[in-house]
Amino acid sequence: MAWLLVVVAGLLETGFAVCLKLSHGFTRLWPTIAFCCFALGSFGLLTLSLKKLDVGPAYAVWTGIGAAGTAIYGMVFLGDLVSTLKIISITLVIAGVIGLQLSGAAR
């Protein structure tokens, strides 16, 4: 259950990163409100998960999901540059997230 919280927190991190961009420096109301909600949810779930998990793997998985999710969202919906190197790098981040999650599951 703790790893599920980390995964959801990572997805919420993607949300707050995207909303941070869409807020244009906190000058747009609704993206700013969404940023706050996603950030509070993400940090809250990460905090709950850390009651059961080691901080290193949990934090790495959280940031990995957030980074990969944000990069993918940017390429698909925001017109960010798509390149072979970027896709390979995202794949490596996801592989690392899976490896860290599996290493923490043995506990």
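Only a predicted model underlies this, so the values are computations on that prediction, with no experimental measurement involved.

1. Let's talk about the side chain of Ser-49
Then, in step 1: Its location among the elements puts Ser-49 in helix α2 (residues 29-49).
Then, in step 2: Note on Ser-49: relative accessible area 0%, which makes it buried.
Then, in step 3: Those residues in contact with Ser-49 that sit more than four places away from it in its chain are Ala-2, Leu-5 and Val-6.

2. Brief notes about the environment of Gly-64
Then, in step 1: Mapped onto the elements of the fold, Gly-64 is located in helix α3 (residues 55-77).
Then, in step 2: Residue class for Gly-64 comes out buried when judged on its relative accessible area of 10%.
Then, in step 3: Once the C-alpha coordinates of Gly-64 and Ile-90 are considered, the two residues, 26 residues apart in sequence, prove to be 9.0 Å apart.
Then, in step 4: Those residues in contact with Gly-64 that sit more than four places away from it in its chain are Val-93 and Val-97.

3. Describing the environment of Leu-5
Then, in step 1: With respect to the helices, strands and loops of the structure, Leu-5 is situated in helix α1 (residues 2-22).
Then, in step 2: Along the primary structure Leu-5 and Ile-88 are separated by 83 residues, whereas in three dimensions their C-alpha atoms are 27 Å apart.
Then, in step 3: Apart from residues lying up to four places away in sequence, Leu-5 is in contact with Leu-45, Leu-48 and Ser-49.

4. A short note on the UniProt feature "transmembrane region" (unreviewed entry) in the protein chain
Then, in step 1: Look at the UniProt record and you will see "transmembrane region" (unreviewed entry) annotated at residues 27-46, 58-79 and 85-106.
Then, in step 2: Across residues 27-46, helical content stands at 90% and strand content at 0%; the span's end C-alpha atoms are separated by 28 Å.
Then, in step 3: End C-alpha to end C-alpha, residues 58-79 measures 30 Å, and it is 91% helix and 0% strand.

5. Comments concerning unusual backbone geometry
Then, in step 1: Of note, the phi angle at His-24 is positive, near 50°, even though the residue is not glycine.
Then, in step 2: Although it is not a glycine, Phe-26 sits at a positive phi angle of roughly 60°.
Then, in step 3: Tracing the sequence through the fold places Phe-26 in the loop between α1 and α2.

Rules of the game
- Residues numbered from 1 in each chain as written.
- Predicted model: local features only at pLDDT ≥ 70, side-chain atom pairs only at ≥ 80, totals over all residues.
- Heavy atoms only, no water.
- Helix = DSSP H or I, 4+ residues; strand = E, 2+ residues; numbered from the N terminus.
- Buried < 20%, exposed > 50% of the residue type's maximum accessible area, 1.4 Å probe, protein only.
- Contact = heavy atoms within 4.5 Å.
- UniProt positions renumbered as here; feature names shortened; annotations may be inferred.

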